[in-house]
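Chain by chain, the residues run as shown.
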Amino acid sequence: MAERENILHKVRTALGHHGSSVPEPPSPPRLIVPSWSPEERLARLTAKFLGETVRCASLDEAAAFIAARVAGRSAVAANHPLLERLGVMSLPSVRSGLTGRDESRDGCAESEIGITGVDYALADPAALVMLSSARNDRLTSLLPASHIAVVEADKVLTGLDELFTIVPDPAEISSSMVLIGGPSRTGDIEMTLTLGVHGPREVCLVIV
Amino acid sequence: MRGYLSKSLMGLRVSLFVTCLVDQLFPQVGLAMADVLERAGCECEFRAEQTCCGQPAFNSGYTEEAAAVARHFLKTFEGADCIVTPSGSCCSMIRHHFAEVFEEGSRERETAERLAAHVYEFSEFLLNVAQVEDVGARFAGTVTYHDSCHALRDLGIREQPRRLLSKVRELQLREMQPAEECCGFGGTFSVKLGELSSDMLAGKIEAIVNTGADAVVSIDPSCLMQIRGGLSRRELPIQTLHLAEVLART
Amino acid sequence: MAATFHETIHVALSDIKLQQNILTATNRFNEKRREIVAPEALPDYQELRSAAHAIKKHALDRLDSYLEMLEGKVREHGGEVVWCPDGEAAVHAVLSIARENGVRLAVKSKSMVTEEIHLNDDLEKNGIEVLETDLGEFIQQLSGERPFHIVAPAMHKTRGEIAELFAEKLGMARNDEPTELTKAARGVLRQKFLEAGLGVSGANFLIAESGAVVLVENEGNIRLTTSVPRVHVAIAGIEKVIPRAADLAVFLKLLARHGSGQPLTSYTSFLSGPRRSGEINGPEKFYLLLLDNGRSRILADAEKRQTLYCIRCGACANVCPVYRRIGGHSYPGTYSGPIGAILTPQFQGLGFESNLPFASSLCGACGEVCPVKIDIPRMLLALRRDVKEAETRQEKWRWEKRAFQAWSWLMRHPRLFEWAGFFGRAFVWPEAEGKWIRSLPGPLNAWTDTRDFPPPAEQSFRRLWRARQKQRSPGNGKSG
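Reading the values: the criteria
- Residues numbered from 1 in each chain as written.
- Chains lettered and ligands numbered in written order.
- Predicted model: local features only at pLDDT ≥ 70, side-chain atom pairs only at ≥ 80, totals over all residues.
- Helix = DSSP H or I, 4+ residues; strand = E, 2+ residues; numbered from the N terminus.
- Buried ≥ 20, exposed ≤ 12 C-beta atoms within 10 Å, placed from the backbone.
- Contact = placed C-beta atoms within 7 Å.
- Pairing = 2+ DSSP bridges.
- Nonpolar A, V, L, I, M, F, W, Y, C, P; charged D, E, K, R; others polar.

In terms of regular secondary structure, chain A is built from 6 helices and 12 strands. Overall, chain A is about 65 × 45 × 40 Å in size when its C-alpha atoms are taken along their principal axes. Counting across all 208 residues of chain A, residues that qualify as buried make up 53%. Contacts spanning at least 24 positions in sequence make up 70% of the contacts within chain A whose residues lie at least 6 apart.

Below, the structure written as structure tokens:
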């Protein structure tokens, strides 16, 4: 392919390299994982996450919380086993089991609330980590105006460094990994903070 | 004769590089600096061959012309152990850019690199080398300090002038807001982009006026020239003084 | 005839409203950045900057190998790589991808690279509707302007102006409440996201080992652009490559803090190709367009190569006393602020706007805040050298060169220097009498227009010194 060779040749010449080569590896990645107790992680997460956080002592408590939140509003749930255990799928206004591309898109676009599990949560910087899969799709956490995410306490990591220690290559697992730090926001109009531009206006993290 | 240097440093021989601006326009700054250094206990020499560090040419992109002047500087100050200058920007030029104007691997570059370790800005010299904070100065009035960009960012000089000012009897120091903003001089920038330069100066003067201080102090004659030019045009009764001039007062 | 750079600057400086808008916005950015990189908030800040610089240096010094690795991985994950030597090739590639896939409508997220290659214009000319989806870019697209700032494209517009714009272009009842304006934009764009056949994005980072593109945002438009349409095209400069996903642990801690004063943006996407089997949604096709467009040329310059380390955070512009007075639109070329001042001459040639590297007081505020430690002032000085060398070769500005040659000669002859000063004092300005000068001739009146100029001192330092020394040791005529 002419353009490929054209560019690679220019780059090689610029660097004084000749021909194809494997780069010598960089020094080991700078990953410094703090040793925070689970309690400390939860404390930081709940203090710093830019959305709402709710700590539930039991699955029942979490189930009740979600049921109350969802009551009377249209919702769509990702096909996550944790949500099954919480009885989310059997709530009256919740659609679930959407596996087709188009039905998933339409279902999410029409719902006020999207309910998902997460793969991890990060304590500092506070964020949710979601890898696209059969049980956590891309759009349930994005199209509806509200997002409720459920995470198990033992999935709360210290931060980015620990995430990349455990998942050194997200591409091996999924075509998409997203870190969610809070609701959708903008300051584009006179530096005034406005929520819910394209993504959800509110995010609620339920920790069990 | 008073002396503030420690016994081991007493009589330290200092070679003055006053800068072309001070030589021709603000000689009182050079004299004040010499007075303060001598009062502290140093011995001052002035090598009459000195002229300029070459910065105007270097900043304008004329490396050859700058190198020629730098070469002359190297010759003038050959053998000097301790060169002190009242200009942050000149010190930065010598310390960071002299080597650049000479060919890599050349003898001149080596000399320049060695020399870089022996040049000091005035306040930096007092604090870091002579280890003197109090030079017995007295100045009745409020003063605000302008951080000149080269001194601040290239040389990391922020604390030294403030420490020295804090020891001046009767002097009150007020910090300006915003702090650390460029006065707009920038060498030929002041003329080539004159409107921009003036606009930046206007911001600086506003900050100075807002402190209510009687005087603005700096360690760079070029900043002082720019700031005083603006104050004078606006007929504002605020003095512009080099740090040396304040420290020289008793 | 297009305005000169100086004319443009003059116009910007006279626009009080513009000045106020830029100042307010940049003050906010600076305040938030300072807070969030302070030792209490980010104790290893300086270390992270050095680490980021080192990673970029490593990657770019081996860019050829990393590009090949990247390509291999993208293909492994089901994507396609298109190599684009210049903007035209990239636009051509997007057009053929669009045609192949029957695309009539494309949605786009904010990308400086797409500005650089003028993508939108060419797509529109070929009958493809393109919508900017970032709110600030959407506003700029509606008003037919280019972005004002890397991070805040509509920073210069008031809510009133935006309300007018939306009333006119969207048929919305005039309402300048930001929440209402945002809601209107959300409604319009949501429809487009669902209908569009193509999503075009840039990339903040390209991960060689993963074959992935990384994108950061606050609004959610990037996630929608890259998840809803069937085809996703990511366009990125070749310099965006970093070796590993783990390197993001360094960069993600710096990017949002410097760009918008947040520890993390609302969303960070790590995308490696089309939807895989088992995944419910995502694009069916993924193309990564690798753009050279002059980057390999910058790469060849070992001194200025670090220009390519830029992660487009905008922090340099926020602290630049020049940018803050003239704004993004006053800069020629795609990029503005200090990074623009060093990129544009290297992308477009020194002669494109030869004043650009000189439109700086070299205050160094930019280099001080750059998260990847690009020594911008040093780059500016190097470009000034290049400009003057080129002008000397072309025999332009000869008088200036002669002037500096004369000056240099004078500075090497101390006695003549002293005499010149003496004559200046004695004959040229006899009226000065120690008063500051109110008017200077010729080009020097650019100083005296607004400032007084110092008169020569009555006696030079060297004369005074001689007298002083004589006084102390009479009979000893030696200096020093």
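Past the structure itself, the notes keep going.
Here we come to the sheet that holds strand β7 (residues 146-151) of chain A. Residue and element names in this part refer to chain A. Spatially, β1-β12-β7-β4-β2-β3 is the arrangement adopted by the 6 strands of the open sheet, whose pairing is parallel. Every other strand in the sheet has two partners, leaving β1 (52-55) and β3 (94-95) as the edge strands with one partner each. In the sheet, β7 pairs with strand β12 (residues 202-207) via 6 bridges, with the strands oriented parallel. What sits directly across from His 147, in β12, is Val 203.

Turning to the environment of Phe122(B), a few remarks are in order. All names here are of chain B. One can find Phe 122 in helix α7 (residues 122-129). In this structure, the C-alpha to C-alpha distance between Phe 122 and Pro 86, residues 36 residues apart in sequence, is 5.2 Å. If sequence neighbours within four positions are ignored, Phe 122 has contacts with Met 33, Val 84, Thr 85, Pro 86, Ile 219, Leu 243 and Ala 244.

The subject of this paragraph is the interface of chain C and chain A. Opposite the 79 residues of chain C that make contact, chain A presents 63 residues. By residue number, the principal contributor to the side of chain C that touches chain A is helix α10 (residues 178-195) of chain C, which donates 7 residues. Here the side of chain C that touches chain A is composed, by residue class, of 37 nonpolar, 25 polar and 17 charged. Inspection of the sheet shows strand β9 (residues 176-180) of chain A paired to strand β9 (residues 267-271) of chain C by 5 bridges, in the antiparallel sense. When the sheet's bridge partners are listed, Ser176(A) is paired in β9(C) with Leu271(C).

Below, the discussion takes up α7(B). All names here are of chain B. Those residues of α7 that sit buried are Phe 122, Ser 123, Glu 124, Phe 125 and Leu 126. Residues of α7 that are buried in the fold lie against α2 (27-40), β3 (83-85), β4 (119-121), α9 (159-166) and α13 (243-248). Just downstream of α7, Gln 131 is the residue with a positive phi angle, here 55°.

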